[in-house]
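Now for the letters of each chain:
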Amino acid sequence: MSEALLYLSRENVRALSIPPAAAREAVLQGFRDHAAGLSRSLPKSTLTLGPGHGFQAMTAASSAQGIATVKWVAMAPVAAGSPLPAVSALICVSDYETGQPLAVLDGDEITLIRTAAISAAAASLLAPAEPQTIGFVGCGLQAHAHLAAFRDLYPGLTHALMLSRSRSSAERLAEAARAAGLATEILDDAGALLAHSDIVISMVPGAAGMTPFLDARRLKPAALAVAVDTGRSWKPETLPAFDLLATDSLEQSRAPYGADGNPVTTVAFQHDLIGLAATPQPNAAAGRSLFAFRGVAFADLALAHLAVAQARAQGLGTVQPR
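In this text, all values refer to a predicted model and were calculated from it rather than measured experimentally.

What counts, and at which threshold
- Residues numbered from 1 in each chain as written.
- Predicted model: local features only at pLDDT ≥ 70, side-chain atom pairs only at ≥ 80, totals over all residues.
- Heavy atoms only, no water.
- Helix = DSSP H or I, 4+ residues; strand = E, 2+ residues; numbered from the N terminus.
- Polar contact = N/O pair within 3.5 Å; in protein donor to acceptor, adjacent residues only side chain to side chain.
- Contact = heavy atoms within 4.5 Å.
- Pairing = 2+ DSSP bridges.
- Axes fitted to C-alpha atoms, helices over the stretch in contact; angles between N-to-C directions.
- Parallel < 35°, antiparallel > 145°, perpendicular 65-115°, else oblique.
- Nonpolar A, V, L, I, M, F, W, Y, C, P; charged D, E, K, R; others polar.
- Buried < 20%, exposed > 50% of the residue type's maximum accessible area, 1.4 Å probe, protein only.
- Core = buried A, V, L, I, M, F, W, Y, C linked by side-chain atoms within 4.5 Å.
- Phe/Tyr/Trp six-rings, centres within 6.5 Å; stacked < 30°, edge-to-face > 60°.
- Salt bridge = Lys/Arg side-chain N within 4 Å of Asp/Glu carboxyl O.

Novice: Please give an account of the side chain of Asn-12 that cites residues and values.
Specialist: Relative to the helices and strands, Asn-12 resides in helix α1 (residues 10-16). From its side chain, Asn-12 meets the backbone nitrogen of Ser-9 in a polar contact 2.9 Å long. Beyond its immediate sequence surroundings of up to four residues, Asn-12 is in contact with Tyr-7, Leu-316 and Gly-317.

Novice: Let's hear about the sheet that holds strand β11 (residues 199-202): which residues, and what values?
Specialist: Two modes of strand pairing occur in sheets, parallel and antiparallel, and in both the strands are linked by backbone hydrogen bonds. Ordered in space as β10-β9-β8-β11-β12-β15-β13-β14, the 8 strands form an open sheet in which the pairing is parallel. Whereas interior strands pair on both sides, the edge strands pair on one side only; in this sheet they are β10 (183-186) and β14 (271-272). With 2 bridges connecting them, strand β13 (residues 244-247) and β14 associate as parallel partners. Pairing of Ala-246 across the sheet is with His-271, part of β14. Strands β8 (133-137) and β11 of the sheet are contacted by helix α4 (residues 141-153), whose axis makes an angle of about 165° with β8.

Novice: Now, about the packing of helix α2 (residues 20-35) against helix α3 (residues 107-126): what can you tell me, with residues and values included?
Specialist: For the pair α2 and α3, the least separation of the axes is 8 Å and the interaxial angle reads 75°. The angle between α2 and α3 falls in the class roughly perpendicular. In contact with Ala-23, Arg-24, Val-27, Leu-28 and Phe-31 of α2, α3 contributes Ile-113, Arg-114, Ala-117, Ile-118, Ala-120, Ala-121 and Ser-124. Among the residues making up the contact of α2 with α3, the classes are represented as 9 nonpolar, 1 polar and 2 charged.

Novice: Describe the pairing of strand β15 (residues 288-292), and please don't skip the residues or the numbers.
Specialist: By the criterion of burial, β15 is predominantly enclosed, with 5 of the 5 residues buried. In β15, alternate side chains face the same way, and those of Arg-288, Leu-290 and Ala-292 on one face and Ser-289 and Phe-291 on the other are all buried. Sheet topology note: the strand β12 (residues 223-227)/β15 ladder contains 5 bridges and is parallel. Its bridge partner lying in β15, Ala-225 is registered against Leu-290. Where β13 lies against β15, 3 bridges are found, and the strand directions are parallel. Each bridged residue has a counterpart across the sheet, and for Ala-246 the counterpart in β15 is Phe-291.

Novice: Tell me about the nonpolar core, residues and numbers included.
Specialist: Phe-31, Leu-105, Phe-136, Phe-150, Ile-201 and Phe-291 are the most contacted members of the largest nonpolar core, which totals 74 residues. Setting aside residues up to four positions removed in sequence, Phe-150 forms contacts with Ser-119, Ala-120, Ala-123, Ile-134, Leu-157, Ile-199 and Ile-201. Among the nonpolar cores identified, the runner-up in size contains 29 residues, and Val-200, Leu-239, Ala-241 and Leu-290 belong to it.

Novice: Before we move on, can you summarise the packing of aromatic side chains with the specific residues and values?
Specialist: Any aromatic ring pair is given by two values, namely how distant the centres are and how the planes are angled relative to each other. In this structure the tally under the stated criterion is 5 aromatic pairs. Look at Phe-291 and Phe-293: their rings are 4.9 Å apart centre to centre, the planes differ by 25°, and that puts the pair in the stacked class. Accessibility assignment for this pair places Phe-291 and Phe-293 in one class, buried.

Novice: Report on the pattern of salt bridges, specifying residues and quantitative values.
Specialist: Under the criterion given, the structure shown has 11 salt bridges. Among the ionic pairs, Asp-106 bridges to Arg-10, the shortest N-O distance being 3.7 Å. Here the residue Asp-106 occupies a position in strand β7 (residues 101-106), and Arg-10 occupies one in helix α1, the gap between them amounting to 96 residues. With relative accessibility at 36%, the residue Arg-10 sits in the partly exposed group. Of the charged contacts, one joins Asp-152 and Arg-24 as a salt bridge, the two residues approaching to 3.1 Å between their closest N and O atoms. You can see Asp-152 sitting in helix α4 and its partner Arg-24 sitting in helix α2, a full 128 residues away along the chain. Under the relative-accessibility criterion, Asp-152 is labelled partly exposed at 35%. Taking the relative accessible area as the measure of exposure, Arg-24 reaches 15% and is therefore buried. Members of the salt-bridge network, linked through shared partners, are Arg-10, Asp-106 and Asp-108.

Shown next, in the form of structure tokens:
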């Protein structure tokens, strides 16, 4: 029996400073491993208590990485400007062969890194060539993680546009984008942001009474929309304007999700990142593409494996007796 556990706090995970390129490649390899049958995972098990409120369990095991993981996620609505996070998570890591617990990690930072890495991985397969303008709909912590991931993936980006219900959040993201060398503009018009962006990242939290407001018909003829919010901010009747619709796992989701938390009926996903990572689609970047996703357990496993390996190499974390 294992006599000790490695515990990585939020600050420990931050201190690792996992490079965006390393996170993106770890996630892509996780999708390739899954396509090759080297990992197994279950779709999210979700207990929904209300809009934006619930609990999830995400389980995966990888013979390639030699570990199994479970991420426990709690979600709760928060008011604009609240210091409380909308999502809180922990990850437990066990040995693949023996089942013995190896580590416990703060899942919030891993989720931030993993989500942005999945978005960037999808963009590397679906986005138009040499994008110059990126638009952020929602400017919270995920937007900052996505800014770092996409700035790394596309050093040729020149402009960043922001749209947020919180002016202060938009200003903080604009400041970070300017520090990264981008020209910025904070907009109040969603249509203008869509019309001028090569890549759009929507990250709108779920809330009771939310009304979708993004119109896919306003996008450029060649553009990528990444719906971190699973699609809830996009008007369902406009989704047929997309030429290609993809998700992370077709086993988990067959269509984007609407503001009511249910799959939309206007479109269905045609591809998932499991298939695209193994066999990229030619001409995928020639039209409008939507990548809407809920997150898969084996991507969390890939980032947890990377974090634990780096922490051990750097001597970070706390060893706790069982």
